[in-house]
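# Structural features, examined
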Amino acid sequence: MSRLTATVGGGPPKPCESGDVVRRQTVFERHMPDARAVAHSLSDTDHRVFWLDGIEAVAYEPLQGGTRGDLTIVGAGHTGLWAAVQAKRRDPSARVVLLESGLVGSGASVRNGGFAESSLGDHGDGRRRWPHEFEALERVGLENLCGLERDICDLGIDAEIEPTGILSVAYDADQVRRLKQAEHGFWYDADSIRSEIASPIFRAGRWRTDVCVLVNPGKLSTGLARAATELGVVIHEQSAVTGVDTQAGGAVRVRTASGHVDSQQVALCTNAFRPLLHRARYLRASANEYLMTTEPLTDEQLASVGWRNRQGLVDMDTHVHRARLTADNRILCAAMHLPQRRFGYSFAPEPFTSLASSFMATFPQLEGVRFSHRWAGAIDTLNQSFAFNGLAHSRSVAHADGFAGRGVAGSRLVAGIMLKHLYGQTTPTRRGSVAG
Ligand SMILES: Cc1cc2nc3c(=O)[nH]c(=O)nc-3n(C[C@H](O)[C@H](O)[C@H](O)COP(=O)(O)OP(=O)(O)OC[C@H]3O[C@@H](n4cnc5c(N)ncnc54)[C@H](O)[C@@H]3O)c2cc1C
């Protein structure tokens, strides 16, 4: 049986003569901080989603009894909420009912890092899997990101938008070479990246301002719910949908424990939760993403890091680490781990310890800063690493799956595609890929 052997250096895992798989050490493993300092940083951390602090929740009544609608939406995350807003904008007289099993935005939509990216899935994989559509997908993604900013503004949502873009950072010669070859964005060599953001492990960087904006996802969720209800959408919380079936006459019945809604169209926006369509259960694998925020940095601590342009950070080493500043100058850091439980997420301590260790390897000058919040969430990842949508029940039920950790902006686009499919409109690209 193979075992993993850590080595220093770049490149993919290589088999060695004994048949063992050789895995290179990540930069974070090579700069492992003192374990006691890591433990101290986590000693007073709450298991709580930072984005929910200070949010005044509006309570929506559970569904009781039977009712009718034109469109029923299941799931009040970003996808369901965007679908609701867009449906009412399209036809203000439509009766739109939104059913949520928990509370508005209790899923990934308030748990994420707030990186609203134009990319609609895993880039490397996307270019390989969709070679003919990839350029169009990139263009559609950029248009969607502009549309997201415009809609947030038009709907009067204070989502703390920061159009600061994304900065990819390299840690070794191979990553520096790959980053240098990239076409777009502002290039930083070793000296300039460290004067931009002071980390001893950064060796180069590339900053793209057009492909990412940062948002406060909690405020975006509650703002979208408010906008939807102002447009006339009826929201029911604590109303878990237990089944979807077609009635005689063509209406689709969506059932909860205490009621049902009959409508001509249904949009299933349940993301990484147990799918209501049997077929979708075989398509997906769920990963976990772990996030933490530090306590707010003092002016002196922030000055020791630099980061005056407040970009979102992504690492070229493992591609699973992201970091950003919040409005009150905490550092939020995140890492994804595969594979985890199939539906839902766990709160095992190890990923948080590993994340704190990576943080301290990146910013050793912040030793002593503690983490205030930690939380996790499930990422819906299909085997194609790219968002996917489809139709069922004689084209009356639309579903969207597999945002692969890129749904903050992508959910707006996919919601629009679901509605186009339900209302029989075609788009230039084919159904099945994200662009519908
Ligand atoms: C920890 C984490 C970090 C992330 N970071 C980023 C990031 O920085 N950038 C980015 O672009 N993306 C990120 N993502 C992904 C992004 O958050 C999601 O793709 C996006 O929020 C998906 O929105 P959604 O509405 O489809 O799903 P969700 O927000 O998960 O909403 C689904 C809703 O459906 C409800 N539901 C489920 N089943 C039922 C049922 N049977 N009946 C009624 N309701 C039901 C759930 O309660 C939930 O509220 C992250 C995800 C996680 C978990």
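Just above sits the structure.
For the structure given in this document, a descriptive report is provided here. (Residues numbered from 1 in each chain as written. Predicted model: local features only at pLDDT ≥ 70, side-chain atom pairs only at ≥ 80, totals over all residues. Heavy atoms only, no water.)

### Looking at the overall build of the protein chain
A count of helical and extended segments in the protein chain gives twelve helices and 24 strands. Within the protein chain, the fraction of its 436 residues that count as buried is 56%. Partitioning the contacts of the protein chain with sequence separation of at least 6, the portion at a separation of at least 24 is 75%. (Helix = DSSP H or I, 4+ residues; strand = E, 2+ residues; numbered from the N terminus. Buried < 20%, exposed > 50% of the residue type's maximum accessible area, 1.4 Å probe, protein only. Contact = heavy atoms within 4.5 Å.)

### Let's talk about unusual backbone geometry
Unlike most non-glycine residues, Arg310 shows phi in positive territory, near 55°. Relative to the assigned elements, Arg310 resides in the loop between helix H10 (299-305) and strand S19 (312-315). A positive phi angle, near 60°, is found at Asn329, a position not held by glycine. Summarising the element assignment, Asn329 is placed in the loop between strand S20 (321-325) and strand S21 (331-337).

### What to know about the packing of aromatic side chains
Applying the stated criterion across every chain yields a total of eight aromatic pairs. Between Tyr171 and Phe202 the ring centres are 5.9 Å apart and the planes differ by 70°, which places this aromatic pair in the edge-to-face class. One end of the pair, Tyr171, is in the loop between strand S9 (166-170) and helix H7 (173-181); the other, Phe202, is in the loop between helix H8 (190-196) and strand S11 (204-208), and 31 residues separate them in sequence. Each member of the pair Tyr171 and Phe202 is classed as buried. One aromatic cluster is present, built from ring pairs that chain together Trp307, Phe359, Phe363 and Phe371. Lying across the ring of Tyr423, Arg90 places its NZ or CZ 3.6 Å from the centre. (Phe/Tyr/Trp six-rings, centres within 6.5 Å; stacked < 30°, edge-to-face > 60°. Lys NZ or Arg CZ within 6 Å of the ring centre and 35° of its normal.)

### Side note on the site of the ligand
Around the ligand sit 36 residues, and of these Thr79, Glu100, Ser109, Phe115 and Val241 come closest. Between the ligand and Val241, the relevant distance is 2.9 Å, taken from a nitrogen atom to a main-chain nitrogen or oxygen of the residue. Interatomic distance of 2.9 Å between a backbone N/O atom of Val408 and an oxygen atom of the ligand. In the complex, 97% of the free accessible area of the ligand, which totals 1,000 Å², lies under the protein chains. (Near = heavy atom within 4 Å. Polar contact = N/O pair within 3.5 Å; in protein donor to acceptor, adjacent residues only side chain to side chain. Areas by Shrake-Rupley, 256 points an atom, 1.4 Å probe, with all protein chains shown as cover.)

### With respect to the pattern of salt bridges
This model, assessed by the stated rule, comprises 19 salt bridges. We note a salt bridge from Asp151 to Arg412, for which the minimum N-O separation is 2.9 Å. Within this pair, whereas Asp151 is found in helix H6 (residues 134-154), its partner Arg412 is found in helix H12 (residues 407-422), the two being separated by 261 residues in sequence. Across the pair Arg253 and Asp262 runs a salt bridge whose closest N-O atoms are separated by 2.8 Å. Its relative accessible area of 8% is what places Asp262 among the buried residues. Because the salt bridges share partners, they merge into one network encompassing Glu117, Glu289, Arg322 and Arg406. (Salt bridge = Lys/Arg side-chain N within 4 Å of Asp/Glu carboxyl O.)

### A short note on the nonpolar core
Core analysis: the biggest nonpolar cluster contains 43 residues, and Leu71, Ile73, Val96, Leu98 and Leu224 have the highest contact counts within it. When contributions to this core are tallied by element, the ones reaching two or more residues are strand S6 (71-74), helix H3 (78-90), strand S7 (96-99), H6, helix H9 (217-230), strand S24 (397-401) and H12. Apart from the residues lying within four places of it in its own chain, the contact partners of Leu224 are His78, Leu81, Trp82, Val85, Leu155 and Ile157. Ile193, Leu302, Ala323 and Ala376 belong to the second largest nonpolar core, which has 37 residues in total. (Core = buried A, V, L, I, M, F, W, Y, C linked by side-chain atoms within 4.5 Å.)

### Thoughts on the sheet that holds strand S16 (residues 259-263)
If you walk across this open sheet you meet the four strands as S5-S16-S15-S14, and the pairing is mixed. Of all strands in the sheet, those bounded by a partner on one side alone are strand S5 (65-68) and strand S14 (241-246). Across the sheet, the axes of successive neighbouring strands diverge by a mean angle of 15°, strand direction being ignored. Judged from the five bridges that link them, S14 and strand S15 (residues 252-256) form a sheet pairing that is antiparallel. Across the sheet, the residue bridging to Val244 is Val254, located in S15. (Pairing = 2+ DSSP bridges. Axes fitted to C-alpha atoms, helices over the stretch in contact; angles between N-to-C directions.)

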